[in-house]
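Chain by chain, the residues:
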Amino acid sequence: MLQKITELLSPSCCIKCNVEGSLLCSECSQTQLIVKKPACFYCNELNDDGRTCKRCRAKTSLNGVLVSYRLQNPVDELVYRLKYYGDRSAAELFAPSMASLLEGSRFDMLSFVPSDGRSQRRRGYNQSLLLAKQVGRNTSVPVTKTMIRVAHTGQIGLGRQARLQSVRGNFMVITPQVAGARVVIVDDVVTTGATLNECARVLKQAGAKSVWGLAVAKR
């Protein structure tokens, strides 16, 4: 409600050209958002669909990761607004592109990376859930809360292997609906993929048939 009132009093302006009306105008959206080519998230080898390549399958629980954009300006600024200022219009801006990555594939549910309690209390929301809800509105795939976070460990400054170890045991599945399901886990940014991988690991332990990641951007 507060954001709606703020927008009425001070409408959004394009962060690139300052045209009033939206965070990123249609012209700047076409010229400034750099689409991320599909690739294996683990080794970055380009492919047709974002699937984890044969060489990397033994290293991760993720069947693949779908990513809309490269993490560079203005995407990084828009993600920052979403993550730290609750700017839902950023999620609305990203959702159509993210939803288009699911076209032609069959998934049973959209889920999201759970936020730790301290961060969610401070922000008042979970940005991954905001994105999942917006993507859900652009698809026929239902949004389901599949996990909770039971621990939180910092990852800043850690390499991939250290990150993989640091997030071990951070999540717990809370619904039997994942058994036999093809699940998509939504997040804002993929760095090494350690968090998404841990989500995929516990979901597959609970019986998920496949687990893919879906993100706005990748570093």
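Model, not experiment: these values are computed from the prediction.

On the surface, a nonpolar cluster with roughly 400 Å² of combined accessible area is contributed by Tyr80, Tyr84 and Tyr85. For Tyr84, the location among the structural elements is in helix α3 (residues 75-85).

Let us now look at the confidence of the model for the protein. Across the protein, the average pLDDT comes to 89, with 89% of residues at 70 or higher. Taking the mean pLDDT of every element in the protein, the minimum, 41, falls on helix α1 (residues 2-9) and the maximum, 98, on strand β2 (residues 109-112). Across residues 1-10, confidence stays below pLDDT 50; counting only partners more than four residues off in sequence or on other chains, it has six contacts.

Right, let's get into the sheet that holds strand β5 (residues 182-190). The strands making up a sheet associate through backbone hydrogen bonding, with each pair oriented either parallel or antiparallel. Here four strands make up an open sheet; going across it, the order is β1-β6-β5-β2 and the pairing parallel. Either end of the sheet is taken by a strand with one partner, and the two such strands are β1 (64-70) and β2. The average undirected angle you get between the axes of adjacent strands in this sheet is 25 degrees. Bridging between β1 and strand β6 (residues 210-218) involves six bridges; their strand directions are parallel. Residue pairing in the sheet places Val65 in a bridge with Gly213 of β6. The strands touched by helix α6 (residues 127-137) are β2, β5 and β6; relative to β5, the strand with the most contacts, the crossing angle is about 125 degrees.

Of all nine residues in β5, nine are buried; the element is thus mostly enclosed. In the sheet, β2 pairs with β5 via four bridges, with the strands oriented parallel. Opposite Phe112, over in β5, you have Val186 as the bridge partner. Of the pairings in the sheet, the one linking β5 to β6 comprises eight bridges and is parallel in character. The residue of β6 that forms the bridge with Asp187 is Ala215. Running through helix α8 (residues 194-205), the crossover from β5 to the neighbouring parallel element β6 is right-handed.

On to the packing of aromatic side chains. Enumeration over the complete set of coordinates arrives at five aromatic pairs. Relative to Phe94, the ring of Tyr69 lies with its centre 6.2 Å away and its plane at 50 degrees, an arrangement referred to as tilted. Of this pair, Tyr69 sits in strand β1 while Phe94 sits in helix α4 (residues 88-100), and the two are 25 residues apart along the sequence. Residue Phe94 is classed as buried on the basis of its relative accessible area, which comes to 0%. Ring pairs connect the aromatic residues Tyr80, Tyr84 and Tyr85, which therefore count as one cluster.

Each value, and the rule that gives it
- Residues numbered from 1 in each chain as written.
- Predicted model: local features only at pLDDT ≥ 70, side-chain atom pairs only at ≥ 80, totals over all residues.
- Heavy atoms only, no water.
- Patch = residues over 30% accessible without salt bridge, like charges linked within 9 Å, V, L, I, M, F, W, Y side chains within 5 Å.
- Areas by Shrake-Rupley, 256 points an atom, 1.4 Å probe, with all protein chains shown as cover.
- Salt bridge = Lys/Arg side-chain N within 4 Å of Asp/Glu carboxyl O.
- Helix = DSSP H or I, 4+ residues; strand = E, 2+ residues; numbered from the N terminus.
- pLDDT = per-residue confidence, 0-100.
- Contact = heavy atoms within 4.5 Å.
- Pairing = 2+ DSSP bridges.
- Axes fitted to C-alpha atoms, helices over the stretch in contact; angles between N-to-C directions.
- Buried < 20%, exposed > 50% of the residue type's maximum accessible area, 1.4 Å probe, protein only.
- Right-handed = clockwise from strand over helix to strand, strands pointing away.
- Phe/Tyr/Trp six-rings, centres within 6.5 Å; stacked < 30°, edge-to-face > 60°.

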